[in-house]
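# Breakdown of the fold
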Amino acid sequence: METTAEEQLIGPLLLARGTIDRSSALRANEQWLEQAWTDPSTRVLVIDDGHTLVRRSGDAVQAVLYAPADAPPGERYLLGVEDGVVYFAVAAPLPSGPGGDVNGRVTVPMSLRDTPEGEPVAAGLRQVGGLLGDRDAGLLVYAVALEAWHTTHEYCPRCGTRTDVRAGGHIRVCPQDGSQHFPRVDPAVIMLVRDEDDRCLLARGPQWPEGRLSILAGFVEPGESLEHAVAREVAEEVGVTVVRPRYLGSQPWPFPRSLMLGFFAEAISTELTPDAEEIAEARWFSREELARALESGELRLPPPVSIARRLIETWYGGELTGDW
């Protein structure tokens, strides 16, 4: 199978649209960080267990940002600078407002049509990551990733001492032994497998309800290349041999700390032998079969915010409906 030109452009990866200069050289400058925090033009995104406040303004969805004086107390994470404005995240309970108390989070409709314009509501990255503009989407995915890492790495893995947050939230330092600990990212390959008839392989895990299918994915193991991970995961999960994995793009997926690396791969065998612990169902689809299954409601695909959806639509040749 030849790779077509459109396979080089898998469309917008909705969680990979950040525009902020991360300003890593400024993270260790404590004086600059304090000055930036006292600047009334600085803007703060409040993050609480992966949620933040958003509001609708016309057809646009925006993150609710605060001046430092109005932000709740909490750990501060420098997100970066854009057009002279400094952006921080603060890990703290979300401020209460007319959109609902923090303890009663709102599940935001994908269209936000049910939300009064300008009213803040709490939402997670899965709900609004694809609705926010480039700047706000980048701020939120960054803040979610940092918060998830800090929440699970409060203590030194060497001696168990509680660590201190440094470098604008990008390092934790153990006061006991001086060891430094940095945010962790777990690389995972996600691959659309095609056979010689250009059919697409979709599957679901045992934890998913029937009808919810996606492409195969798995974590890269120590000492393993991305290409070897693609071939190993496909063989382990469904017993299919693939060759010529082609990298197409990547997207952060901070649930809690993955980086999804997207591939196409060509199958040289098609008999499916799913691993019962990993795969409950696996099927080959032609484009026509996929379209019929989506139209009938038999099948649902991952949401547009996922790289899986972009890979499927790239293979299909256009946008598809039928979100989870």
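Being a predicted model, the structure only gives us computed values, none of them experimental.

### Some thoughts on helix H5 (residues 287-296)
Those residues of H5 that fall on the buried side of the exposure criterion are Leu290, Ala293 and Leu294. For H5, the angular spread of the buried residues around the axis is 95°, confining them to a single face. Opposite the packed face of H5, turned more than 90 degrees from it, sit the exposed residues Glu288, Arg292, Glu295 and Ser296. Contacts from the buried residues of H5 go to strand E12 (200-204), strand E16 (281-285) and helix H6 (307-316). Just beyond H5, the residue with positive phi is Gly297, at close to 85°.

### Brief notes about the pattern of salt bridges
If you walk through the whole model with that rule in mind, you get 22 salt bridges. Put simply, Glu313 and Arg310 hold a salt bridge, and the shortest N to O gap is 3.0 Å. Residue Glu313 and its partner Arg310 are both found in helix H6; the two are separated by three residues, about one turn of the helix. By the burial criterion, Glu313 is buried, and Arg310 matches it. A single salt-bridge network, built from bridges that share partners, covers Glu221, Glu224, Arg232, Glu233 and Glu236.

### So, the packing of aromatic side chains
In the structure shown here, the tally under the stated rule is four aromatic pairs. Seen from their ring centres, Trp37 and Phe88 are 5.2 Å apart, and the 90° between their planes marks the pair as edge-to-face. One end of the pair, Trp37, is in helix H1 (residues 30-38); the other, Phe88, is in strand E6 (residues 85-91), with 51 residues separating them in the sequence. The pair formed by Trp37 and Phe88 is uniform in burial state, with each residue classed as buried. With centroids separated by 6.4 Å and ring planes inclined at 55°, the aromatic side chains of Trp315 and Tyr316 adopt a geometry described as tilted. By relative accessible area, Trp315 is classed as buried at 3%. The ring of Tyr142 is capped by Arg22, whose NZ or CZ atom sits 3.8 Å from the centre of that ring. The ring centre of Phe255 lies 3.9 Å from the NZ or CZ of Arg126, which sits over that ring.

### Let's talk about the sheet that holds strand E8 (residues 164-166)
Taken in spatial order, the three strands of this open sheet run E8-E9-E10, and their pairing is antiparallel. With one partner strand each, in any of the chains shown, E8 and strand E10 (180-181) form the two edges of the open sheet. Here E8 pairs with strand E9 (residues 171-173) via three bridges, running antiparallel. Across the sheet, the residue bridging to Val165 is Arg172, located in E9.

### Some points on the environment of Gly178
You can see Gly178 is positioned in the loop between E9 and E10. The exposure class assigned to Gly178 is partly exposed, which follows from its relative accessible area of 45%. Each C-alpha atom of the pair Gly178 and Tyr247 lies 39 Å from the other, and the pair is 69 residues apart in sequence.

### What to know about helix H3 (residues 134-152)
Compared with the 27 Å implied by 1.5 Å per residue over 19 residues, the 28 Å span of H3 between its first and last C-alpha is a close match. Of all the 19 residues making up H3, 14 are buried; the element is thus mostly covered by neighbouring parts of the structure.

The rules we used
Residues numbered from 1 in each chain as written. Predicted model: local features only at pLDDT ≥ 70, side-chain atom pairs only at ≥ 80, totals over all residues. Heavy atoms only, no water. Buried < 20%, exposed > 50% of the residue type's maximum accessible area, 1.4 Å probe, protein only. Helix = DSSP H or I, 4+ residues; strand = E, 2+ residues; numbered from the N terminus. Arc of directions from axis to C-beta. Contact = heavy atoms within 4.5 Å. Salt bridge = Lys/Arg side-chain N within 4 Å of Asp/Glu carboxyl O. Phe/Tyr/Trp six-rings, centres within 6.5 Å; stacked < 30°, edge-to-face > 60°. Lys NZ or Arg CZ within 6 Å of the ring centre and 35° of its normal. Pairing = 2+ DSSP bridges. Expected span 1.5 Å × (residues − 1).

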